[in-house]
Amino acid sequence: MLADLARTARIAAPEIRIAVDTSGAPLTALRTAGVRIDLIKPNLEELAELTGTDPASLGDPRAVAEACKILRAEGIAAVLATLGSAGAVLATTDGAWYATHPPVIARSTVGAGDSSLAGYLIADARGLSPAERLANAVAYGSAAVALPGTTIPRPTDTRPDQVTVTEIHLPAAVATP
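In this numbering scheme, every chain counts its residues from 1 along its sequence in written order. A pLDDT threshold of at least 70 governs which residues receive local features in this predicted model, and a stricter bar of 80 or more applies before side-chain atom pairs are shown or counted, although totals over entire chains, interfaces and linings include all residues. Side-chain numbers come from the whole structure's heavy atoms, not from hydrogens or water.

J.: I'm lost on the layout of surface pockets in this one. Help?
T.: Empty space among the atoms can be located by rolling a probe the size of a water molecule over them. Within this scheme a cavity is a closed region of a 1 Å grid, computed over the protein atoms alone, that accommodates a 1.4 Å probe without allowing it to escape, whereas a pocket is open but has protein on both sides within 12 Å along at least five of seven lines; lining residues each have an atom within 4 Å of a point. Grid points are joined across faces, edges and corners, and a volume is the space filled by probe spheres set on the points. In this structure, the largest pocket spans a volume of roughly 450 Å³. Residue lining of the largest pocket: 23 residues in total, with Gly84, Ser85, Gly141, Ser142 and Val145 positioned closest to the centre. Per the convention used, a helix needs a DSSP run of H or I reaching at least four residues, while a strand needs a run of E reaching at least two, with both numbered from the N terminus. For the lining of the largest pocket, the secondary-structure elements that each account for two or more residues are strand 3 (78-82), helix 5 (112-125) and helix 6 (130-146). Throughout, the ten residues Ala, Val, Leu, Ile, Met, Phe, Trp, Tyr, Cys and Pro are labelled nonpolar, Asp, Glu, Lys and Arg are labelled charged, and all others, Gly among them, are labelled polar. For the lining of the largest pocket, the per-class residue count stands at eleven nonpolar, twelve polar and no charged. What the second largest pocket holds in volume is close to 240 Å³. Elements with a minimum of two residues in the lining of the second largest pocket: helix 4 (61-73), strand 4 (88-92) and strand 5 (95-100).

Here's what the structure looks like:
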């Protein structure tokens, strides 16, 4: 159903950009539907499921970026993998980055992933660089965790300037003759 919706949207308005934050069968179906997706936002477990990777092997940002690279090779333009309190990894056509936020006192994790996606999309709409989009995503996710219940963070609740972003250098894909 989600794949059908994405396909219909592409037909109706080919210029639109599609960002997806879902899990399980709908996410797996999107991967095989042949629909161009601009951004997916899996958490660590979802990324492992999508790529057939053992979640235990995704213990460092480089391994996460390598898993994201699998999805990128299948035509997904960008992958924003959220890692809970360990931050997030972003893989795009421009490269891969890892971001962390100073520890916050967790009051509720409900909606943290959704807030991360919102932060990314806000930064993207502003035309910010991939690293800045990632910093904004992590700032929004961290702000959401620090707020009570399902409180949605406002821009004034976020501190992207406190986010540390590091580029991850991955080996180039080897061309097959």
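There is more to say, and it comes next.
J.: I'm lost on the packing of helix 3 (residues 44-51) against helix 4 in this one. Help?
T.: A pair of packed helices is captured by two measures, namely the crossing angle of their axes and the spacing between those axes. Axis lines are fitted to C-alpha atoms, over the contacting stretch for helices. Their N-to-C directions set the angle, which ranges from 0 to 180 degrees. Close contact between helix 3 and helix 4 brings their axes to 10 Å; oriented N to C, the two are set at 50°. The angle between helix 3 and helix 4 places the two elements in the oblique class. For the pair helix 3 and helix 4, the crossing hand works out as left-handed. Contacts from Leu44, Leu47, Leu50 and Thr51 of helix 3 reach helix 4 at Val64, Ala67, Cys68, Ile70 and Leu71. Grouping the amino acids of the contact of helix 3 with helix 4 by side-chain chemistry returns eight nonpolar, one polar and no charged. By the definition adopted for this analysis, an angle is roughly parallel if under 35 degrees, roughly antiparallel if over 145, roughly perpendicular if from 65 to 115, and oblique otherwise. By definition, turning the near helix anticlockwise from the far helix through less than a right angle yields a left-handed crossing, and turning it clockwise yields a right-handed one. The contact rule is simple, with two residues in contact once any of their heavy atoms fall within 4.5 Å.

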